[in-house]
Amino acid sequence: MKFVSFTRLGRAGFGALVEGGIVDLTGRLSYDCLTLKQAILDDLLEIAGDYVQDRKPELALSDVALLPVIPDPAKILCIGVNYVAHREETKRPEVGYPTVFTRFADTQIGHGQPMVKPARSNSLDFEAELAVVIGRGGRNIAEEDALDHIAGYSCYHDGSVRDWQRHTSQFVPGKNYPATAGFGPALVTPDEVGDYRKLSITGRLNGEVVQQATLDDLIFSIPQLIAYLSAFTALSAGDVIVTGTPGGVGERREPPLFMKAGDVFEVDIPGVGLLRNPVIAEI
């Protein structure tokens, strides 16, 4: 199934994405289940499948504004330099452990919402990524059990303000400007995705392919990431793991290619979704 978070008439909610639109699930799976994160926490996604069966859509996509798939995750754990081609273009050595940094939930935007180029920088870079949303949390999750802890997958655009990212060895400032992380359009459950390693990922800037890879090119696999992350922090339902970007980022091109107002960036992962965000200038 596919699930979306949205606002309509000033009210936030969530629903199932079906042919022709959305079936509103806000408060319908249980009276106090008002968000997708709560539905995951309460293990209601399968019940949602039964509820949606044979129902016609109640809302058109044009009736709502899509929010980030999980607007309020307790944790967003991002993985840097996790494709060989990206490691090579950054000239970083091979490492034994994932590079991990954090992003704040209030930096996220939904599908179709504008990404904001900061006034303080002209170095807003693109990063197409696959996001993993945790369904069943835990500590010290074993690699062989890790895929059973996934609620679903989505597209992620981890916009990076490169000059601020490079101020020190810590990435956080360049990864947390407001409205620099696209997340969506939908959460797609693992049964629809199948083997994630067979997925392709493409990043397009103004219609031109700038990044392309397959998910089996990840240096650290998704089970390895879940096992590693859950060793030092308890993962919770609704937490987001952003798994890394392929080679081709703008900073490493000659000349560098950064996003500006008027640009449009797309993250295309067939079987998961197409995330599109225009770029505007900070006022």
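Here is what the cut-offs are and how they apply
Residues numbered from 1 in each chain as written. Predicted model: local features only at pLDDT ≥ 70, side-chain atom pairs only at ≥ 80, totals over all residues. Heavy atoms only, no water. Helix = DSSP H or I, 4+ residues; strand = E, 2+ residues; numbered from the N terminus. Rg over C-alpha atoms; globule rule 2.2 N^0.38 Å. Buried < 20%, exposed > 50% of the residue type's maximum accessible area, 1.4 Å probe, protein only. Contact = heavy atoms within 4.5 Å. Lys, Arg positive; Asp, Glu negative; His and termini not counted. Charge placed at Lys NZ, Arg CZ, Asp CG, Glu CD. Pairing = 2+ DSSP bridges. Axes fitted to C-alpha atoms, helices over the stretch in contact; angles between N-to-C directions. UniProt positions renumbered as here; feature names shortened; annotations may be inferred. Core = buried A, V, L, I, M, F, W, Y, C linked by side-chain atoms within 4.5 Å. Domains from an automatic or database assignment. Buried area = accessible area lost by both parts, 1.4 Å probe. Arc of directions from axis to C-beta. Phe/Tyr/Trp six-rings, centres within 6.5 Å; stacked < 30°, edge-to-face > 60°.

This part covers the overall build of the protein. A tally of regular secondary structure across the protein gives six helices and 18 strands. The C-alpha radius of gyration computed for the protein amounts to 18 Å, which stays within 12% of the reference 19 Å derived for 283 residues, consistent with globular compactness. Seen through its C-alpha atoms, the protein measures out along the principal axes to roughly 55 × 45 × 30 Å. Buried residues in the protein amount to 53% of all 283 residues. By sequence separation, contacts in the protein at least 24 residues apart represent 75% of the contacts at least 6 residues apart. For the protein, the centre of its 26 positive side-chain charges and the centre of its 37 negative side-chain charges are spaced 5 Å apart.

This brings us to the sheet that holds strand β15 (residues 208–214). In spatial order, the strands read β8-β18-β17-β14-β15; together these five strands make up an open sheet with mixed pairing. In the strand order of this sheet, the two ends are held by β8 (115–117) and β15, each with one partner. Averaged over all neighbouring strand pairs, the angle between strand axes comes to 20 degrees, with direction disregarded. Of the pairings in the sheet, the one linking strand β17 (residues 264–269) to strand β18 (residues 273–281) comprises six bridges and is antiparallel in character. Bridge assignment links F265 to a residue of β18, and that residue is N277.

Glancing now at the pairing of β15. Regular strands place side chains that alternate from one sheet face to the opposite one. Bridging between strand β14 (residues 200–205) and β15 involves six bridges; their strand directions are antiparallel. If you follow G203 over to β15, its bridge partner there is Q211. Between the end of β14 and the start of β15, which pair antiparallel, lie two residues, with N206 showing a positive phi angle near 55 degrees.

Let us look at the UniProt feature "domain: Fumarylacetoacetase-like C-terminal" (unreviewed entry) in the protein. UniProt annotation of "domain: Fumarylacetoacetase-like C-terminal" (unreviewed entry) refers to residues 75–279 when read in the numbering used here. For residues 75–279, the helix share is 13%, the strand share is 35%, and the end-to-end C-alpha distance is 25 Å.

Next up on the list: the nonpolar core. Within the largest apolar cluster, 44 residues are counted, with the highest numbers of intra-cluster contacts made by Y153, I222, I226 and I241. Filtering out sequence-adjacent residues up to four positions away, I241 remains in contact with L77, I79, L130, A131, V132, I134, L225, I226, L229 and L235. Listed in part, the 30 residues of the second largest apolar core include L36, L45, V69 and Y156.

Further remarks concern unusual backbone geometry. Look at the link from G184 to P185: it is a cis peptide, with omega at 5 degrees. Note that P185 resides in strand β13 (residues 181–188). Put simply, E254 and P255 share a cis peptide bond, and its omega is -5 degrees. Even without being a glycine, L9 presents a positive backbone phi close to 55 degrees. Position of L9 relative to the elements: it lies in the loop between β1 (2–8) and β2 (11–18). The backbone of D43 sits at a positive phi, close to 60 degrees, despite the residue not being glycine. With respect to the helices and strands, D43 occurs in the loop between α1 (36–41) and α2 (45–52).

Its domain assignment divides the protein into domain 1 (2–66) and domain 2 (76–281). Of note, the centres of domain 1 and domain 2, computed from C-alpha atoms alone, are 25 Å apart. Taken together, the contact pairs 11 residues of domain 1 with 15 residues of domain 2. When the area that domain 1 buries against domain 2 is broken down by residue, the three leading residues are K2, I40 and L66, summing to 58%.

Next up on the list: α2. Every buried residue of α2 is accounted for by L45, A48 and V52. Viewed along the axis of α2, the buried residues span an arc of 45 degrees, placing them on a single side of the element. Structural note: α2 exposes E46 and D50 on the side pointing more than 90 degrees away from its buried face. Residues of α2 that are buried make contact with β1, β2, β3 (21–24), α1, β11 (150–158) and β13. Downstream of α2 by one or two residues, D54 has phi in the positive range, about 70 degrees.

Looking now at the packing of aromatic side chains. Within this structure, the stated rule accounts for six aromatic pairs. Here Y97 and Y228 contribute two aromatic rings whose centre-to-centre distance is 6.0 Å and whose plane-to-plane angle is 35 degrees, an arrangement assigned as tilted. Residue Y97 is found in the loop between α3 (84–90) and β6 (99–102), and its partner Y228 is found in helix α6 (residues 222–232); the two are separated by 131 residues along the sequence. A relative accessible area of 59% means that Y97 is categorised as exposed. By relative accessible area, Y228 is classed as partly exposed at 31%.

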